[in-house]
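# Results of the structural survey
Take a look at the letters that make up each chain.
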Amino acid sequence: APAGLHSNVRLLSGLLLTMSGNNPELFSPSQKYQLLVYHADSLFHDKEYRNAVSKYTMALQQKKALSKTSKVRPSTGNTASTPQSQCLPSEIEVKYKMAECYTMLKQDKDAIAILDGIPSRQRTPKINMMLANLYKKAGQERSSVTSYKEVLRQCPLALDAILGLLSLSVKGAEVASMTMNVIQSIPNLDWLSVWIKAYAFVHTGDNTRAINTICSLEKKSLLRDNVDLLGSLADLYFRAGDNKNSILKFEQAQMLDPYLIKGMDVYGYLLAREGRLEDVENLGCRLFNISDQHAEPWVVSGCHSFYSKRYSRALYLGAKAIQLNSNSVQALLLKGAALRNMGRVQEAIIHFREAIRLAPCRLDCYEGLIECYLASNSIREAMVMANNVYKTLGANAQTLTLLATVCLEDPVTQEKAKTLLDKALTQRPDYIKAVVKKAELLSREQKYEDGIALLRNALANQSDCVLHRILGDFLVAVNEYQEAMDQYSIALSLDPNDQKSLEGMQKMEKEESPTDATQEEDVDDMEGSGEEGDLEGSDSEAAQWADQEQWFGMQ
């Protein structure tokens, strides 16, 4: 058997196979089988999957011929044939390798077919695990559940199989019952049932209870500072719309494991949203140094491009990430958003739908799709979608706000939007998206004082660029210029790239009227500046167009 010397095996087995072809009597059928398998293994190692599959197929045909001849021979006591049949490569192992080749070639159907052909009694846990994942990807949920359960029956601590079952809506209690015996027989495993409970909450989209359960695990001294748990927490805070805590947990996980890749795409996206583009760039470089074979570094780099308004570059990086991992939700969202901003809305919709299929509990996938509908004026479709999300994920601050966002687009449902936003803000007074939408409503109704009170209240416990900027706009509306200037400055200190805060500031600087002017002149001046404001608007729009042309020119 080869001692891991793949390149040597490849050369030698290639020569021996040619000899065998020129003189069929040279090797016995079992030796030919062995040669073909060793040759195929070395091709597999060189990532030549198509070639490997063809050699494995030949090996299996050889094995068939072998079993026929061995059946014909009269058995003179099994001792003689045993040693040789013992050291023959296992046929099941060959089929597993073939399935691996097929998945690498993205021929999932062929991979399923070859593994399906193995009688269920002969399937090893790794075969069942691979089958379960393939079935799940192909949408064959019942077969997938059966295969995951089979893995657990043989290996009750197969945690990824547990996550697979939970993701397919198998109840947490049922999954836990399959691991009961092992928990009772091995010491220090009492955390496992809590772990299962936590991820059951994750997969039903109950973020709050999932967070509480994982926090309770994290506090146990034996599981403190576990990178996987911290990563899950960060992801849950992100899903719950608590970006501040999410970033904190990602930072903690990263400190513990400087080679961490998982979840870093979400972390990069959060940093980019906050305007910390330099940090995003550094994170991207660091991840590329760790591995360029994962989707995450490409997504992080894509977020940097996207938030620098280089959409076609973001599109390319997103596509590259999907090529490396077709299950990367973050890559699909990045590519979808880039397509949407480039005006290719129908293509964007396909990407957001795929993201929803992969992560039905993640609100940001639905938000992306709904933004596409609104961008193409399909308010009805957006409304249906928002109502569905509201029903399936429950009435929480996030789903209420999403529904309100759609209601704001339709003059008929303005009152409904108001009610929904008030409900959302009662549940979570600090939820930024709800505050922003409520402010938008108050601005339409010109209730600036109410808006200022709302924003000051929301900013009492957190600092956010958009909230400071909107507060600045409201203060301008009630002529509190000095304080408006302060708010714009704070907004720009949080995100130096925030275009609207800059515009607000420039507008005010133009409007600054001479202080010693008399009251009447002041009124005239204000009127004049009103017209100037209109011009300013059209001007900035023209600048935007020029901007876009420049981006397309660059690419």
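In every chain, residue numbers begin from 1 and rise along the written sequence. Side-chain atom pairs in this predicted model are given and counted only at pLDDT of 80 or more, local residue features only at pLDDT of at least 70, and totals for whole chains, interfaces and linings cover all residues. The side-chain quantities take in all heavy atoms of the structure and omit both hydrogens and water.

Where an unreviewed UniProt entry is consulted, the protein chain appears under the name Anaphase-promoting complex subunit 7, with the organism given as Tinamus guttatus.

### A closer look at the packing of helix 13 (residues 207–219) against helix 14 (residues 227–239)
For any two helices packed against each other, the geometry comes down to the angle between their axes and how far apart the axes lie. Geometry is summarised by axes, namely lines fitted to C-alpha atoms with helices restricted to the contacting stretch, and by angles between N-to-C directions that run from 0 to 180 degrees. By definition, any uninterrupted DSSP run of H or I lasting at least four residues is a helix, any uninterrupted run of E lasting at least two residues is a strand, and each is numbered from the N terminus. For the pair helix 13 and helix 14, interaxial distance at closest approach is 10 Å and the crossing angle is 155°. In terms of their interaxial angle, helix 13 and helix 14 are classed as roughly antiparallel. In terms of crossing hand, the pair formed by helix 13 and helix 14 is left-handed. Note on element contacts: helix 14 touches helix 13 through Leu229, Leu230, Ser232, Leu233, Leu236, Tyr237 and Arg239, opposite Asn207, Ala210, Ile211, Ile214, Cys215, Leu217 and Glu218. The residue classification treats Ala, Val, Leu, Ile, Met, Phe, Trp, Tyr, Cys and Pro as nonpolar and Asp, Glu, Lys and Arg as charged. All others, Gly included, are polar. Of the residues contributing to the contact of helix 13 with helix 14, the split by class is 10 nonpolar, 2 polar and 2 charged. Orientation labels follow simple angle bins: below 35 degrees gives roughly parallel, above 145 gives roughly antiparallel, 65 to 115 gives roughly perpendicular, and whatever is left gives oblique. We call a crossing left-handed when the near helix sits turned anticlockwise from the far one by less than a right angle, and right-handed when that turn is clockwise. Two residues qualify as a contact provided that any one of their heavy atoms is within 4.5 Å of a heavy atom in the partner residue.

### Let's talk about the packing of aromatic side chains
Each Phe, Tyr or Trp ring (for Trp, its six-membered ring) is paired with any other whose centre lies within 6.5 Å, and the angle between the two planes then decides the class: stacked below 30 degrees, edge-to-face above 60, tilted in between. Applying the stated criterion across every chain yields a total of 7 aromatic pairs. Relative to Tyr199, the ring of Trp195 lies with its centre 4.7 Å away and its plane at 50°, an arrangement referred to as tilted. A residue pair is termed a helical-turn pair when its members lie 3 or 4 positions apart in one helix, as Trp195 and Tyr199 do in helix 12 (residues 191–204) at 4 residues. Residue Trp195 is classed as buried on the basis of its relative accessible area, which comes to 10%. Between buried and exposed lies partly exposed: a residue is buried under 20% and exposed over 50% of the maximum accessible area for its type, with that area taken using a 1.4 Å probe on protein chains only. Judged by its relative accessible area of 9%, Tyr199 falls in the buried class. Ring-pair connections join several aromatic residues into one group, and the members of that group are Phe306, Tyr307 and Tyr311. Here the basic side chain of Lys63 rests over the ring of Tyr33, its NZ or CZ set 5.8 Å away from the ring centre. Whether a charge sits over a ring comes down to the Lys NZ or Arg CZ being within 6 Å of the ring centre and within 35 degrees of the ring normal. Stacked on the ring of Phe44, the Lys or Arg Lys97 has its end atom at 5.5 Å from the ring centre.

### Structural notes on the nonpolar core
What makes a nonpolar core is a set of buried Ala, Val, Leu, Ile, Met, Phe, Trp, Tyr and Cys residues whose side-chain atoms join them at distances within 4.5 Å. If you look at the biggest cluster of nonpolar residues, it comprises 97 residues, and the most contacted ones within it are Ile370 and Leu455. Excluding anything up to four places from it in sequence, Leu455 contacts Val435, Ala439, Leu467, Ile470, Leu471 and Phe474. Counting 38 residues, the second-largest nonpolar core is a separate cluster that includes Ala132, Leu166, Val182 and Leu229.

### Examining the pattern of salt bridges
Throughout this description, the term salt bridge denotes a Lys or Arg side-chain nitrogen within 4 Å of a carboxyl oxygen of Asp or Glu. One pass over the structure, following the stated rule, counts 24 salt bridges. Glu174 serves as the salt-bridge partner of Lys149, at 2.7 Å between the closest nitrogen and oxygen. Of this pair, Lys149 sits in helix 8 (residues 141–154) while Glu174 sits in helix 10 (residues 172–177), and the two are 25 residues apart along the sequence. Since its relative accessible area comes to 35%, Glu174 is described here as partly exposed. A salt bridge links Glu483 to Arg456, with the shortest nitrogen-to-oxygen separation between them at 2.8 Å. Here Glu483, found in helix 29 (residues 481–494), pairs with Arg456, found in helix 27 (residues 448–458); they are 27 residues apart in sequence, far enough to count as distant. With a relative accessible area of 24%, Glu483 lands in the partly exposed category. Put simply, Arg10, Asp46 and Glu48 are held in one network by salt bridges that share partners.

### Looking at the confidence of the model for the protein chain
Confidence of the predictor at the level of single residues is captured by pLDDT, which takes values from 0 to 100. Across the protein chain, the average pLDDT comes to 84, with 89% of residues at or above 70. Counting contacts from residues 73–83, a segment whose pLDDT is below 50, to residues more than four positions away or on other chains yields 0 contacts. When the criterion is pLDDT under 50, residues 516–555 qualifies, and its contacts beyond four places in sequence or with other chains add up to 19 contacts.

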